[in-house]
Amino acid sequence: MIQKVLIANRGEIALRVICACKDLGIKTVAVYSEADRYSLHVRFADEAVCIGPAKSALSYLNIPSVISAAEITNVDAIHPGYGFLSENSDFAEVCRASGLKFIGPEPEVTRMMGLKQIAREKMREHGVPILPGSDGLLANADEGLAVAARIGYPIIIKAAAGGGGRGMRIVRSAEELPGAYTAARQEAEASFTCSDVYCEKFIEKPRHIEFQVLADEHGNVEVLGERECSIQRRHQKLVEEAPSAAVSPELRASTAKALKAALKAVGYTNAGTVEFLMGDDGTLAFIEVNARIQVEHCVTEMITGIDLVKAQLRIARGETLPEILGGPVEIRGHALECRINAENPVTFAPSPGRIKALNLPGGIGVRVDTAAYTDGVIPPYYDSLLAKLITHGRDRAEAIARMQRALDMFVVEGIQTSIPLHQKIMADEEFRAAEIDTHFITRFLERQKAKQE
Ligand code: MV4
């Protein structure tokens, strides 16, 4: 039984987990750094424990501190949220050794999914499409040359332990390859203390599309459709939506079928996201698995009506997916999410400080996930996500209209936010036509600049 959960996170996701626990009658324990003493997750949890100084390395990432807080408050389980310790398999292992249920996949599975060339091989084995590329790791630059001769340029060399775009090098010709191979290895070693790399075909202007999955501890796997996440800048997503305009019902169904087989075979449990790239030909190719709840999970919740965080908790207490879902998953309407960051909307520089005034929008089809409040302080130590503004409509046009209305009624004074940027994106013709790929923001910012001149 899970009667009390410690939430090893802060901000809006800590509050989101508290909401799901409250809905299930589960008691909550917040942990907080010295910078977060007056945060809402501290106020709304049943108990709260200070776990260290402002710097994350000394608090939210400090495994002994988090485990000590769990032991003194006598919780049954830990929800890691996203970021911080959420995909740290060593942490999940310490939880298990301490008799605490980690709300996520087993550490062995998270570790396997973190080795991207292994995840790639597992997916291929079970019929999930992957890009042509190396068979496992590259032992040297010559192996990379041999793969490129077979599949053609451009290729991309990626860190096996990678993420967030580090340890990647695009290679457009044989002459460039040895240098790119060495550079990728060095960056991988510096970033992940693992210099292993693999390679695959490089897709020039892909769409980034990800599938939400839920898997119980009895071998059942469900796929809850996809999200379109192409609108990003420097690997930070800005706008997400569900479903993707580029995914047909047939492609959705065939991808879901293969994913179910692959995730069942690897013993995946709890919530997860499988990332794909879509090239010009409209086909999807697997890139990586995120073994956690994601920031953008809300758009999937809006179109399926399923509370994903509640599902995570119910899976962790041993319930089956048929019990949790109560019938077939149906996709209804369209949802959008704008990430409202505390940052300068033009330079993207962080804008921490005190919120002097705040008006959160509402009304039909509008949801705001945030831990912000009037007089609350956005500290400079963590990521700059201030709120997630989510809208739902019967179709994409209705979701966009509701987003425009909600952005207009979203007032934050005292700090700068990305609200003006989102207002411009919502009005953009390419966005409105769903002509989006991972280069959208570059083109959009150029159009904005041209308008000013
Ligand atoms: C790629 C790619 C093109 N071709 N792989 C970037 C982060 C990491 N998660 C994977 N990434 C990419 N992998 C192949 N074979 C282009 C990117 C990429 C990207 C992917 C998703 C969203 C935004 C991106 C921005 C730049 C590059």
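Given the structure is predicted, the values throughout are model-derived calculations rather than measurements. (Residues numbered from 1 in each chain as written. Predicted model: local features only at pLDDT ≥ 70, side-chain atom pairs only at ≥ 80, totals over all residues. Heavy atoms only, no water.)

Draft legend 1. Fine view of the packing of aromatic side chains. Across all of its chains, the model carries seven aromatic pairs by this definition. Relative to Phe102, the ring of Phe91 lies with its centre 6.0 Å away and its plane at 80°, an arrangement referred to as edge-to-face. Linking Phe91 in helix H4 (residues 89–97) with Phe102 in strand E5 (residues 101–102), this pair joins segments that are 11 residues apart in sequence. A network of ring pairs unites the aromatic residues Tyr60, Phe84, Tyr381 and Tyr382 as a single cluster. Over the face of the ring belonging to Phe348 we find Arg233, whose NZ or CZ atom lies 3.8 Å from the ring centre. When the ring centre of Phe431 is taken as origin, the NZ or CZ atom of Arg396, which lies over that ring, is 4.6 Å away. (Phe/Tyr/Trp six-rings, centres within 6.5 Å; stacked < 30°, edge-to-face > 60°. Helix = DSSP H or I, 4+ residues; strand = E, 2+ residues; numbered from the N terminus. Lys NZ or Arg CZ within 6 Å of the ring centre and 35° of its normal.)

Draft legend 2. Spotlight on the domain arrangement of the protein chain. One can read the domain layout of the protein chain as domain 1 (4–103), domain 2 (132–201) and domain 3 (207–452). Taking the mean C-alpha position of each, domain 1 and domain 3 sit 23 Å from one another. Across the domain 1/domain 3 interface, buried area totals approximately 2300 Å², and carbon plus sulfur atoms make up 63% of it. In this structure, the connection of domain 1 to domain 3 is made through five salt bridges. A salt bridge links Arg16 to Glu301; the nearest nitrogen and oxygen atoms lie 2.7 Å apart. A class-by-class count of the residues in the side of domain 1 that touches domain 3 yields 16 nonpolar, seven polar and seven charged. (Domains from an automatic or database assignment. Buried area = accessible area lost by both parts, 1.4 Å probe. Salt bridge = Lys/Arg side-chain N within 4 Å of Asp/Glu carboxyl O. Nonpolar A, V, L, I, M, F, W, Y, C, P; charged D, E, K, R; others polar.)

Draft legend 3. Molecular detail of empty space enclosed by the protein. Under the definition given, this model contains one cavity of 30 Å³ or more. Counted as a void, the largest cavity has a volume near 50 Å³. Taken together, His79, Pro80, Gly81, Ser86, Phe102, Ile103, Gly104, Pro105, Ala291, Arg292, Ile293 and Gln312 form the lining of the largest cavity. Class assignment of the residues belonging to the lining of the largest cavity gives a composition of six nonpolar, five polar and one charged. Shared between two domains, the lining of the largest cavity takes at least three residues from each, and those domains are domain 1 (4–103) and domain 3 (207–452). (1 Å grid on protein atoms, 1.4 Å probe; cavity = no way out; pocket = protein on both sides within 12 Å on 5 of 7 lines; lining within 4 Å. Points joined across faces, edges and corners; volume = space filled by probe spheres on them.)

Draft legend 4. Just the packing of helix H14 (residues 419–427) against helix H16 (residues 440–452), in detail. In the contact formed by H14 and H16, the axes pass within 11 Å of each other and the chain directions differ by 95°. The angle between H14 and H16 falls in the class roughly perpendicular. In this structure, H14 uses Leu421, Lys424 and Ile425 to contact H16, whose residues at the interface are Phe440, Ile441, Phe444, Leu445 and Gln448. (Axes fitted to C-alpha atoms, helices over the stretch in contact; angles between N-to-C directions. Parallel < 35°, antiparallel > 145°, perpendicular 65-115°, else oblique. Contact = heavy atoms within 4.5 Å.)

Draft legend 5. Main features of the site of the ligand. The local shell around the ligand holds 17 residues, among which Lys158, Glu200, Lys201, Ile203 and Glu288 are the closest. A distance of 3.0 Å separates a nitrogen atom of the ligand from a polar side-chain atom of Glu200. For the ligand, whose unbound accessible area comes to 520 Å², protein coverage reaches 89%. Where the shell around the ligand is concerned, the elements lending two or more residues are strand E6 (155–163), strand E8 (197–201), strand E12 (270–278) and strand E13 (284–290). Partitioning the shell around the ligand into residue classes produces seven nonpolar, five polar and five charged. Residue-level mapping places the shell around the ligand at the junction of two domains, with at least three residues from each of domain 2 (132–201) and domain 3 (207–452). (Near = heavy atom within 4 Å. Polar contact = N/O pair within 3.5 Å; in protein donor to acceptor, adjacent residues only side chain to side chain. Areas by Shrake-Rupley, 256 points an atom, 1.4 Å probe, with all protein chains shown as cover.)

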